[in-house]
Amino acid sequence: MIKNEALESILETIDLRNDAPAEEPLRQYYFMKKAREIVSDKSRRLGRRLTADGETFGCQMNAKDSEKLIGILKNIGFEMIDSEEADLVFYNTCTVRDNANQRVYGRLGLMHSMKKKNPHKKIALCGCMMQEPSVIEKLQKSYPFVDLVFGTHNIYKFAELLVAMYSSDGMIIDIWKDTDKIVEDLPAQRKYSFKSGVNIMYGCNNFCSYCIVPYVRGRERSRDPTDILREIEQLVSDGVVEVMLLGQNVNSYGKTLDTPVSFAELLREVEKIEGLERIRFMTSHPKDLSDELIDVMKNSKKICRHLHLPLQAGSTKILTAMNRRYTKEQYLELAHKIRREIPDISLTTDIIVGFPGETAADVDETIEVVKEVEYDNAFTFIYSKRTGTPAAAMQNPVTDEEIKENFDRLLKAVQETAKKRAGRLTGQIQSALVEEINEHDSALVSGRLSNNTIVHFPGDASLIGKLTDVRLKESHGFYYIGEIETGN
Ligand code: 5AD
Ligand code: SF4
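The numbers attached to residues start from 1 for each chain and follow its sequence in the written order. Chain letters and ligand numbers both follow the written order, the letters beginning at A and the numbers at 1. Note on the predicted model: pLDDT of at least 70 is required for a residue's local features to be given, and 80 or more for side-chain atom pairs to be given and counted; whole-chain, interface and lining totals, by contrast, use all residues. To get the side-chain values, take all heavy atoms of the structure and skip hydrogens and water.

Undergrad: Which parts of the structure should I look at to understand the packing of helix H13 (residues 360-373) against helix H14 (residues 400-421)?
TA: Relative placement of two packed helices is described by the angle separating their axes and the distance separating the axes. Where helices are involved, their axes are fitted lines through C-alpha atoms of the stretch in contact, as for all axes, and angles between N-to-C directions lie from 0 to 180°. Secondary structure elements follow DSSP: runs of H or I no shorter than four residues count as helices, runs of E no shorter than two count as strands, and numbering proceeds from the N terminus. Viewed as axis vectors pointing N to C, H13 and H14 meet at an angle of 10°, and their least axial separation amounts to 9 Å. Here H13 lies roughly parallel to H14, going by the angle between them. Residues Ala 360, Val 363, Asp 364, Thr 366, Ile 367, Val 370 and Lys 371 of H13 form the contact with H14, whose own contacting residues are Asn 406, Arg 409, Leu 410, Ala 413, Val 414 and Thr 417. Here the residues of the contact of H13 with H14 sort into 7 nonpolar, 3 polar and 3 charged. An angle below 35 degrees is treated as roughly parallel, one above 145 as roughly antiparallel, one from 65 to 115 as roughly perpendicular, and anything else as oblique. The contact criterion used throughout is that any non-hydrogen atoms of two residues lie within 4.5 Å. Each residue is assigned to one class: nonpolar for Ala, Val, Leu, Ile, Met, Phe, Trp, Tyr, Cys and Pro, charged for Asp, Glu, Lys and Arg, and polar for all the others, Gly among them.

This is the structure we're talking about:
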């Protein structure tokens, strides 16, 4: 990320009469300046500012990418609004399950009719779904009114692509199959002033057999630790107190760097950053979670007491077919070790139901793990066949009725253990990072505890972004009601 003032002084030196430079990120600075001219020219003719809206689907990675896209849009002169009526709408898409794709197609239908009313309207699509060749074919055939399509590897080129889009009448498509490039130092618009996601790596090399991510996000690439530390220091100097380190598999961070660094080592360095109060990370793969990491978490004052440890399935047979590379017993041993070493930790997980060949007995084993680990929360998904993944070619699909039955049984077990875990902090005083005024009651603010549970308590906007000691008075399942602890 680059600060506005620094970027402005670079932009001043750029002469648009010259050709665009080849090297990045200079090339993008050139196109940002060029895009500014286009946007201000259009605004002048319309007699109002051009508006833009970004709609984000999917995970934290996409949310982070959208902050980068919005940073570029604001920089080139768009006014960001929260309405798909905007002059430019981008959809940052997800494709991890098919229903995410269907939602995008649904929205595009709506966009088509809006576009007929606003001839200046432009529609851009980006993100994971665009990395699938079948999606591009479908867009070309059935949604030709889309103006710009790009993927996950070239979001840094947004300014250049916008210039191309405004200079052309047809659909601009720019999709890269993979990349080894990491382009830094572009603007970003953070959603929260006090907390931020920080990419530490991109892509995934695990190839779990059901998962499309390795195909749409490419091979694993770790960022240089000094770049990560520099970015966090800059964020802290801007008022950020909590960072979320992002990667598809953070536990394998740094293995492919010229000078390999472990994730635990990176965390030790992040911990040293003065002014940073909290560290979170997402997502951990059980197979790579080291004793060193457990040790660093245990002894850390800043790493939050929450670990998301996707299980996916509890039967070793299904885990093997999923290519998860751990057994039920290995997972349980790891979960027990974590609970033993860090007793106040909150454990959450992801589980898939209905993977090819999964029987009721396999789901019984998943339920066994749920009961034994006692997750604080679990996200349960119905298996979705993704074209091109090894699981898509597997025989033995599970019927809808079986899936429904198994899913309901699993959900019941998940809810029971979550209920058992909920409320265990009642009566305690805990530090909460206040995030916002409560949506339903403006006399309350909502904050997040170290273990990721929400607490609502009386307070006002002056508390937003502050770590505040709160007495947890009542538990309501996934949240607490509390009051500020004054120390009296
Ligand atoms: N079908 C259903 N769920 C999936 N996930 C990933 N791929 C699929 C799929 N094809 C789930 C996994 C992962 C979470 C982000 O999404 O549980 O951890
Ligand atoms: Fe997908 Fe597995 Fe990589 Fe996670 S670790 S992104 S589930 S392939």
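After presenting the structure, the write-up continues.
Undergrad: How do you make sense of the sheet that holds strand S15 (residues 429-437) when you look at a structure like this?
TA: Within a sheet, neighbouring strands are paired by backbone hydrogen bonds and run either parallel or antiparallel to one another. For two strands to be treated as a pair, DSSP must find at least two bridges joining them. Taken in spatial order, the 5 strands of this closed barrel run S15-S16-S17-S19-S18, and their pairing is mixed. If you compare each strand with its neighbour and ignore which way they point, the axes differ by 50° on average. Strand direction decides the pairing type here: strand S17 (residues 454-458) and strand S19 (residues 479-484), joined by 3 bridges, are parallel. Along S19, the bridge assignment pairs Val 455 with Tyr 480.

Undergrad: I keep staring at helix H5 (residues 133-142) and nothing clicks. Help me out?
TA: An α-helical segment advances 3.6 residues per turn. Residues three or four places apart therefore align on the same side. Only protein chains enter the area calculation, which uses a 1.4 Å probe; residues under 20% of their type maximum are buried, those over 50% are exposed, and those in between are partly exposed. Taken together, the buried positions of H5 are occupied by Val 135, Ile 136 and Leu 139. For H5, the angular spread of the buried residues around the axis is 100°, confining them to a single face. Among the exposed residues of H5, those oriented more than 90 degrees off its buried face are Pro 133, Glu 137 and Lys 141. In this fold, the buried residues of H5 make contact with helix H4 (98-117), strand S4 (122-127), strand S5 (148-150) and strand S6 (172-174). It is the directions from the helix axis to the C-beta atoms that the arc portrays.

Undergrad: Quick question: what am I supposed to make of the sheet that holds S4 here?
TA: Strands sit in the order S2-S1-S3-S4-S5-S6 across an open sheet of 6 strands; the sheet is parallel. In the strand order of this sheet, the two ends are held by strand S2 (79-80) and S6, each with one partner. With 3 bridges joining them, S5 and S6 adopt parallel strand pairing. Each residue of the ladder has a partner; that of Leu 148, found in S6, is Ile 172. Against the sheet, helix H3 (residues 60-75) engages strand S1 (51-56), S2, strand S3 (88-93), S4 and S5, with an angle of about 160° to S3.

Undergrad: Just to check I follow, could you spell out the site of ligand 1 for this structure?
TA: A cutoff of 4 Å decides nearness: a residue is near a molecule or strand if any of its heavy atoms lies inside that distance of it. All residues in the neighbourhood of ligand 1 are listed as Val 96, Arg 97, Tyr 210, Gln 312, Asp 350, Ile 352, Phe 381, Ile 382, Tyr 383, Ser 384 and Arg 386. Tyr 210 places a main-chain nitrogen or oxygen 3.0 Å from a nitrogen atom of ligand 1. All accessibility values rest on the Shrake-Rupley procedure with a 1.4 Å probe; residue burial counts only the protein chains present in the view. Look at ligand 1: alone it shows 400 Å² of surface, and the protein chains cover 85% of it. Elements that contribute at least two residues to the shell around ligand 1 include exactly strand S13 (346-353) and strand S14 (377-382). Split by residue class, the shell around ligand 1 holds 6 nonpolar, 2 polar and 3 charged. Contacts described as polar in this section are N or O atom pairs within 3.5 Å, which, within protein, must combine one atom able to donate a hydrogen with one able to accept it, while residues neighboring in sequence count only if both atoms come from side chains.

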